[in-house]
Amino acid sequence: MSLIWTILLVASCPTQAEDQPKRFLEIPAENDSLTFDLKTVQFLSSGRFTVISTRIDNPDVMKQQLKSLGVLKNYCGQRDGKYPAPADLLQLGPPDLPIEQIEVKSSQTKAGGMTYAFKMVSWKHPYVRLANPAYLHCKQWGRSENDLYVESHNLIANGLRTKELYDCKRGLSGSFMHDDDDISKAFTAPVRKDTNGLAWYRAVCRAVMQEEPYLPE
C-alpha cells in the first residue's frame, strides 16, 4: 500500500509544479516587483475584472528600508531637531547624493474636542535609485509607538497588497482602498502611455484574457 501512495505522490508533483507558476504574474523593476495573484481574479463583465496585487521591495532595497526604519525608531524619544545620520545606515553602498541629517518633528491638531499629538522621524536616502524618504510615525492619533513601528515594518517586509481593477477592452485601470469595497468605489482612470501602468495593464490583461488588450492612442 505504501508503494502505491508513493507512486501517486510522485506522479502528482510535476502537475503541481507546472500549475504553480501560472497562478502568479510577477513584473520586476529596479527597486521592487509587482506580483498579481491570478487566483484572485473576479470578472465583472467581459474584459473587466478585479485582481489582488502585491508590491514588495527587492532584497537589497528591503535591507536598506528595514535598517533605516530600525535606526529612526531610536530617535522617537529625541527632541525636535536634526541629527547626524549614523555611518552604518548606508546599506546600498557608497551614496551618490549628499547625506542629509535625520529630522525629528512634532505637531498637534484638535478634532472632536480632543487634542492629538503627532511626531515623525524622517531621513532622505542618499541614493538616486531610492528617491522615497524613510519615515516613521512615533505618535499618530493616540496610537502607540510600538504599534506604529510594527505596522511600518510589516509593510516593508510583506509588501503593499492592493485590490485593483482592469478593463482590458477600454484601456482603464483603478484601485480600491479596501479589498471588500464595492465596485463603485474603485478610482478608475485611462491607462497612460508614459507610465509603468501601461506595462502592468498589458501584462495582466494578456495573462487573464489570453489576448491583446485595447491600447489607448
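Residues numbered from 1 in each chain as written. Predicted model: local features only at pLDDT ≥ 70, side-chain atom pairs only at ≥ 80, totals over all residues. Heavy atoms only, no water.

1. So, the sheet that holds strand S9 (residues 172-175)
The strands that make up a sheet are held in pairs by hydrogen bonds between backbone atoms, and each pair lies either parallel or antiparallel. In spatial order, the strands read S1-S2-S3-S8-S9-S10; together these six strands make up an open sheet with antiparallel pairing. At either end of the open sheet lies a strand with only one pairing partner, and these are strand S1 (24-28) and strand S10 (187-190). Between one strand axis and the next, the sheet turns through 30° on average, direction left out of account. Bridging between strand S2 (residues 32-45) and strand S3 (residues 48-57) involves nine bridges; their strand directions are antiparallel. Looking across to S3, one finds that glutamine 42 is bridged to threonine 50. Along the sheet, helix H4 (residues 196-209) makes contact with S1, S2, S3, strand S8 (160-167) and S9, crossing S2 at roughly 50°. (Pairing = 2+ DSSP bridges. Helix = DSSP H or I, 4+ residues; strand = E, 2+ residues; numbered from the N terminus. Axes fitted to C-alpha atoms, helices over the stretch in contact; angles between N-to-C directions. Contact = heavy atoms within 4.5 Å.)

2. Here we look at the environment of arginine 192
Mapped onto the fold, arginine 192 is located in the loop between S10 and H4. Taking relative accessible area as the criterion, arginine 192 reaches 51% and is therefore assigned exposed. In the structure, arginine 192 is positioned 21 residues away from glycine 171 in sequence and 8.8 Å away in space, judged by C-alpha atoms. (Buried < 20%, exposed > 50% of the residue type's maximum accessible area, 1.4 Å probe, protein only.)

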